[in-house]
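Architecture and fold: a report
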Amino acid sequence: MIEVKNLTVSIEDKRVLKDVNLHIAQGETIVLLGPNGSGKTSLLKTIIGIPEYKVESGMILFSGKDITKLTIDERARLGIGIAFQRPPAVRGVKLKDMLRICMEKRGDFKEEKINEFAQKLNLFNCLDRDINLGFSGGEIKRSELLQLLAQNPDFIMLDEPDSGVDLVSINLVGKVINELLEKEKIARERTKAGLIITHAGFILDYVNTDRGCIMLNGTIICSGNPRDLLEDIRSKGYEGCIRCLR
Amino acid sequence: MSSVDVRERAKKAEKKPSAIGPDIDLNAYSVEVKEHGKIQKLKNLSGEVKEKAISVGVEAVEACRSGSFFQMDHSVILSSAYKSGLEVMSSTEALKKYDWLQDYWWKAVNVDADKYTAQAELKQNHGYFLRALPGAKVEFPLQACLYMTQDGLAQNVHNIIIAEEGSELHIITGCTTAPGVRTGLHIGVSEFYVKRNAMVTFTMIHNWAEDVEVRPRTGAIVEDNGIFLSNYVCMKPVKTLQMYPTAYCVGENANVRFNTILFAREGSNMDVGGRVFLRAKGSRAELVTRAITKGGDIVTRGHLIGEVPGIRGHLECRGLILSEKGSIHAIPELEGKANNIDMSHEAAVGKIVEEEIQYLMARGLNSEEATSVIIGGFLDVEIKSIPEHLKREIKKAVRMGEERLL
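Residues numbered from 1 in each chain as written. Chains lettered and ligands numbered in written order. Predicted model: local features only at pLDDT ≥ 70, side-chain atom pairs only at ≥ 80, totals over all residues.

**Digging into the sheet that holds strand β2 (residues 14-24) of chain A**
Residues and elements named next belong to chain A. For clarity, the cut-off: DSSP calls a pair of strands paired once it identifies at least 2 bridges connecting them. Each helix corresponds to a stretch of at least 4 residues labelled H or I by DSSP, and each strand to a stretch of at least 2 residues labelled E; elements are numbered beginning at the N terminus. Residues are treated as contacting if the C-beta atoms built from their backbones sit within 7 Å of each other. Axes here refer to lines fitted to C-alpha atoms; in helices the fit is confined to the stretch in contact. Angles between the N-to-C directions go from 0 to 180 degrees.
Pairing is antiparallel in the open sheet, where four strands are placed in the order β2-β1-β4-β5. The sheet is open, and its two edges are formed by β2 and β5 (65-66), each paired on a single side. Packed onto the sheet, helix α1 (residues 40-48) meets β1 (2-11), β2 and β4 (54-62) and runs at close to 75 degrees relative to β2.

Here's what the structure looks like:
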């Protein structure tokens, strides 16, 4: 579904991604691990098309189409969705308004869906509030997922969906991620694919992922079974990865 | 003070410039204009007048209004109340009818504040008198339109609004010019008296021509448990606009709120403020401003004066600069003169944050759509305690301005 080929990216002349290669097939979910500042968020922001992330070389293909030069909204309308790690607050724009926008832009607006989705994430009380303004950490994460439910993208990127989420809410978050990624279906029947960044790895207890990748200094250095990778990181830290590279 | 004294004071202030805002040569504007005949119904207005009136919230269909006042240049062409408990007439007629009105004349605004108040006294051209009798509560708003048809004319009106004890009065005032009028001067003195347990909501929408100069002079005296809520919207071009409405909370638990929405295009100069004197225990004030410039210059002022313990006040000003040219100068002032008071302010001026646009684009909106949604949200001031159809009028006026923004 998504293919990143030899991608090198910089922000204001600082290189943040170096020769990144990544392929995620339809039905597959990949977890991206790595220390702070390793380039995980940069990769997601480059895939969604934030203009500050300048592609110096390489390309991004989505369903076989080169999207490297498309604008953010063009990518979103093609079916790429993202849950931001720290989304901005937008004054005067209610969460409900955003859900309407998400549905309309994917050509499937149904008023009754707003409440249905909000119920799933226990966010009724936030619908009439300015988006992200005064939201708790957990509310922000759930509100991002709520927008993805409304948007119904094919390729779903989640930037630390588990950080700042309490133990009760993480269950909800896991459930909705599984729904977004059609985890109830067998892999070959799924129409979605996912890329999840996690720092602490909590979400892996709730969402099955197919493969893990470790990012270091802007490059994906290895991949493998996500649980094994996480276990290694927990026991040896990312120092272990650095030694492994030597 | 006798009317002779008032005129003497006005004469002394005839050349006194305003403390703030660009000075105007009053002699550049004519005070002579032909009289317009009276009409029986607003629907008798011509199509183009009706259209302009609608743009400032004044409806020719009177079903959802409790009374109407229409002044064209210097002629009051219609004034009538449709509901009992309300009085609507020209202020000059009211002065003749009620001797006691002298006690309200120039009591909330100083006649010698500047040459504009002086001119309103010395060369007054009517204005409206709106009054809710004790206990009268009318859901539908009274509407008043001040309309200018002659290029280069000065219109000097003096309005008096009285909400007697326990009454509730909703007013929508629209001020505008006929198509083809480019220049003019509008001086509007408005004095509000909100008695004990009364409530006044006052929504004013301005839609002037590009070279019109506007000097409203407003004062409000609010008694015990009285509520004065003023909404001002100016989304259309104007040459210069300077106003600093002032409310005096003289009764316990008096409550004042000013909501102001401004949009200045290139060539427009707006200096708009709000000032509240909190003089009685439990009185509250909130001033909220949203200002957008696309080339014009805006000064937005707010001044709260807490004079006794137990008062609360908050100022909020947000400004958005959408072009290379243009400026917004926010001047919030808090003046505490007693202990145990609670006053605060927040002000922010800047451009649209790129990250917000990108956030909306990630949900599928293109850049222009995202900008439009953000501006719409920015201007969406939460306006409480006014009837739904007035909220709609405000939204309509804001939306019409927004279309020019993009």
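**Re the packing of helix α4 (residues 111-120) of chain A against helix α5 (residues 137-151) of chain A**
All names here are of chain A. Where we set the bar: Should an angle fall under 35 degrees it is taken as roughly parallel, and over 145 as roughly antiparallel, whereas 65 to 115 is taken as roughly perpendicular and any remaining angle as oblique. Crossings are sorted by hand: turned counterclockwise from the far helix by less than a right angle, the near helix makes the crossing left-handed, and turned clockwise it makes it right-handed. Throughout, the ten residues Ala, Val, Leu, Ile, Met, Phe, Trp, Tyr, Cys and Pro are labelled nonpolar, Asp, Glu, Lys and Arg are labelled charged, and all others, Gly among them, are labelled polar.
As a packed pair, α4 and α5 sit with axes 10 Å apart at the nearest point and diverge in direction by 140 degrees. In terms of their interaxial angle, α4 and α5 are classed as oblique. The crossing of α4 and α5 is right-handed. Where α4 abuts α5, its residues K113, F117, A118 and K120 lie against L146, L149 and A150. Across the contact of α4 with α5, the residue classes tally to five nonpolar, no polar and two charged.

**Some points on the packing of α5(A) against helix α6 (residues 167-180) of chain A**
Residue and element names in this part refer to chain A. Running from amino to carboxyl end, α5 crosses α6 at an angle of 20 degrees, the nearest separation of the two axes being 11 Å. The pairing of α5 with α6 is recorded here as roughly parallel in orientation. Where α5 crosses over α6, the two elements pack in a sense that is left-handed. Together, G138, K141, R142, L145, L148 and L149 of α5 and S169, L172, V173, V176, I177 and L180 of α6 make up the contact between the two elements. In the contact of α5 with α6, the residues fall into eight nonpolar, two polar and two charged.

**Topic: the interface of chain B and chain A**
Put simply, an interface is often sized by how much accessible area is lost when its parts join up. If you look at the interface, chain B gives 17 residues, while chain A gives 21 residues. Those elements giving two or more residues to the side of chain B that touches chain A turn out to be α5 (354-361) and α6 (367-378) of chain B.

**With respect to the pairing of strand β18 (residues 297-306) of chain B**
Residue and element names in this part refer to chain B. Spelled out, the test is: Whether a residue is buried, exposed or partly exposed follows from its count of other C-beta atoms within 10 Å of its own C-beta, namely 20 or more, 12 or fewer, or something in between, respectively; the C-beta atoms are built from the backbone.
Of all ten residues in β18, seven are buried, a share of seventy percent or more. Relative to β18, strand β16 (residues 275-278) runs parallel, the two being bridged by four bridges. The residue of β18 that forms the bridge with V276 is L304. Summarising the sheet, β18 and strand β20 (residues 327-336) pair through ten bridges and their orientation is parallel. Bridge pairing in β20 links D297 to S327.

**Some remarks on the environment of B:T289**
All names here are of chain B. Note that T289 resides in strand β17 (residues 284-294). Accessibility expressed as a C-beta count within 10 Å gives 27 for T289, which makes it buried. Sequence-wise, T289 and F258 are 31 residues apart; in three dimensions their C-alpha atoms are separated by 8.0 Å. What T289 contacts, discounting residues up to four positions off in sequence, is T260, T300, G302 and C317.

**Quick word on the sheet that holds strand β14 (residues 255-265) of chain B**
All names here are of chain B. Read across the open sheet, the ten strands follow the order β2-β1-β5-β7-β9-β11-β14-β17-β19-β21; overall the sheet is mixed. The outermost strands of the open sheet, each flanked by one partner alone, are β2 (75-81) and β21 (342-350). Each neighbouring strand pair of the sheet contributes to a mean axis angle of 5 degrees, computed without reference to strand direction. The strands touched by helix α2 (residues 47-55) are β5 (142-148), β7 (168-177) and β9 (199-207); relative to β7, the strand with the most contacts, the crossing angle is about 125 degrees.

**Considering the domain arrangement of chain B**
Residues and elements named next belong to chain B. In plain terms, the rule: Where each domain begins and ends follows an automated or database-derived domain assignment.
Domain parsing of chain B yields domain 1 (3-352) and domain 2 (353-406). Inter-centroid distance (C-alpha atoms) of domain 1 to domain 2 is 25 Å. Contacts between domain 1 and domain 2 engage 26 residues on the former and 21 residues on the latter. Listing elements by their share of the side of domain 1 that touches domain 2, those giving two or more residues are β7, β9, β11 (227-234), β14, β17 and β19 (312-321). Here the side of domain 1 that touches domain 2 gets four residues from one element, more than from any other, and that element is β17. Residues that form the side of domain 1 that touches domain 2 fall into these classes: 14 nonpolar, seven polar and five charged.

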